[in-house]
Amino acid sequence: APLQAALREQPKSMQVRTLLGMAYYGTAEYAEAIPYLRAAAEKSPDNQELHAVLAQSCLYAKQYQCTLDEYKQILTLNPNSAQAHMLAGEAWDGMYEPERATAEFEAAEKVDPNEPNVHFGLGYLYWKQHRYADAEREFELELRNEPDYAQALGYLGDTEMRLEKPAAAQA
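This structure is a prediction, so every number in the text was calculated from the model and none was measured.

(A) Representation of the overall build of the protein. Each helix and strand in the protein was counted, giving eleven helices and zero strands. Listing each helix as α and each strand as β along the protein from the N terminus yields α-α-α-α-α-α-α-α-α-α-α. If you line up the protein on its principal axes, its C-alpha atoms span 65 × 30 × 25 Å. Relative to its 171 residues, the protein shows a buried fraction of 41%. Intrachain contacts of the protein at a sequence separation of at least 6 include 41% that bridge at least 24 residues. When the accessible surface of the protein is totalled, it reaches about 9,400 Å², and 51% of it is carbon and sulfur. Distance from the positive charge centre (15 side chains) to the negative charge centre (27 side chains) of the protein: 7 Å.

What follows is the structure in structure tokens.
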């Protein structure tokens, strides 16, 4: 409410608009954040972090084309952005384009194999496509980066069962 009041008093203030967008983002009101973050990103086209927050807001609000537009912008700023490839992969997955989603996560993995969640995301996509041997490898790689990752452990166990490795699944 204070930021909305400040915006009414200073309707042209990009600082207030950016803060309001970040406040909506921080409270998981992603659709509400988008117009404010978009305006801020347009005024700061070289701000990769701002474009990433906008892309995440678009993704979480299921505005996938917006996510892909921001992905392109981030790649113009940083062609080696694993995060951008992962965001695009999640958008393609949300649009039921598994091949494109997988290609983006594979690109992210090549750019930075130590990026948090890159192996889990790729493993999950392989798992959804019933490519269990590939999924197994990716979940194991994710667990090397983060040994206590509960979701990766759970999906690895399920994958092991599907690969008829019950002892490994039980472990």
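(B) Seen up close, the environment of Tyr-155. Among the structural elements, Tyr-155 can be located in helix α10 (residues 150-162). Separated by 35 residues in sequence, Tyr-155 and Phe-120 have C-alpha atoms that sit 9.0 Å apart. Sequence-distant contacts of Tyr-155, defined by excluding residues within four places in its chain, comprise Phe-120, Tyr-124, Trp-127 and Phe-139.

(C) Spatial organisation of the nonpolar core. Ranked by size, the top nonpolar core spans 30 residues in total, and within it Phe-105 and Phe-139 carry the most contacts. The element that contributes the greatest number of residues to this core is helix α6 (residues 82-94), accounting for seven residues. For Phe-139, the residues in contact, after removing those within four places along its chain, are Phe-120, Gly-123, Tyr-124, Trp-127, Ala-152, Tyr-155, Leu-156 and Thr-159.

(D) The arrangement of the environment of Asp-134 in detail. Mapped onto the elements of the fold, Asp-134 is located in helix α9 (residues 132-145). Considered as a pair, Asp-134 and Tyr-124 are ten residues apart in the sequence and their alpha carbons are 9.8 Å apart. At 3.0 Å, the side chain of Asp-134 forms a polar contact with the side chain of Arg-131.

(E) How the structure looks around the packing of aromatic side chains. Taken as a whole and assessed by the stated rule, the structure comprises eleven aromatic pairs. An angle of 70 degrees between the planes, with centres 5.6 Å apart, marks the rings of Tyr-25 and Tyr-30 as edge-to-face. With 5.5 Å between their ring centres and 80 degrees between their planes, Tyr-124 and Tyr-155 make a pair best called edge-to-face. Here Tyr-155 lies in helix α10 and Tyr-124 lies in helix α8 (residues 118-128), a separation of 31 residues in the sequence. On the basis of relative accessibility, which here comes to 26%, the residue Tyr-124 falls in the partly exposed class. For Tyr-155, a relative accessible area of 21% gives the class partly exposed. Ring pairing ties together the aromatic residues Phe-120, Tyr-124, Trp-127, Phe-139, Tyr-149 and Tyr-155, which thus form one cluster.

(F) Seen up close, the state of the cysteines. Counted under the stated rule, the structure contains one disulfide. Bridging Cys-58 to Cys-66, the disulfide has an S-S length of 1.9 Å. Residues Cys-58 and Cys-66 agree in their burial class; the two are buried.

(G) Focus on the pattern of salt bridges. All chains considered together, the criterion is met by six salt bridges. Overlapping salt bridges bring together Arg-131, Asp-134, Arg-137 and Glu-138 as one network.

(H) Geometry of the side chain of Thr-102. With respect to the helices and strands, Thr-102 occurs in helix α7 (residues 98-111). Leaving out residues up to four positions away in the same chain, Thr-102 has contacts with Leu-122, Leu-125, Tyr-126, Gln-129 and Arg-131.

Basis of the calculations
- Residues numbered from 1 in each chain as written.
- Predicted model: local features only at pLDDT ≥ 70, side-chain atom pairs only at ≥ 80, totals over all residues.
- Heavy atoms only, no water.
- Helix = DSSP H or I, 4+ residues; strand = E, 2+ residues; numbered from the N terminus.
- Buried < 20%, exposed > 50% of the residue type's maximum accessible area, 1.4 Å probe, protein only.
- Contact = heavy atoms within 4.5 Å.
- Areas by Shrake-Rupley, 256 points an atom, 1.4 Å probe, with all protein chains shown as cover.
- Lys, Arg positive; Asp, Glu negative; His and termini not counted.
- Charge placed at Lys NZ, Arg CZ, Asp CG, Glu CD.
- Core = buried A, V, L, I, M, F, W, Y, C linked by side-chain atoms within 4.5 Å.
- Polar contact = N/O pair within 3.5 Å; in protein donor to acceptor, adjacent residues only side chain to side chain.
- Phe/Tyr/Trp six-rings, centres within 6.5 Å; stacked < 30°, edge-to-face > 60°.
- Disulfide = S-S within 2.5 Å.
- Salt bridge = Lys/Arg side-chain N within 4 Å of Asp/Glu carboxyl O.

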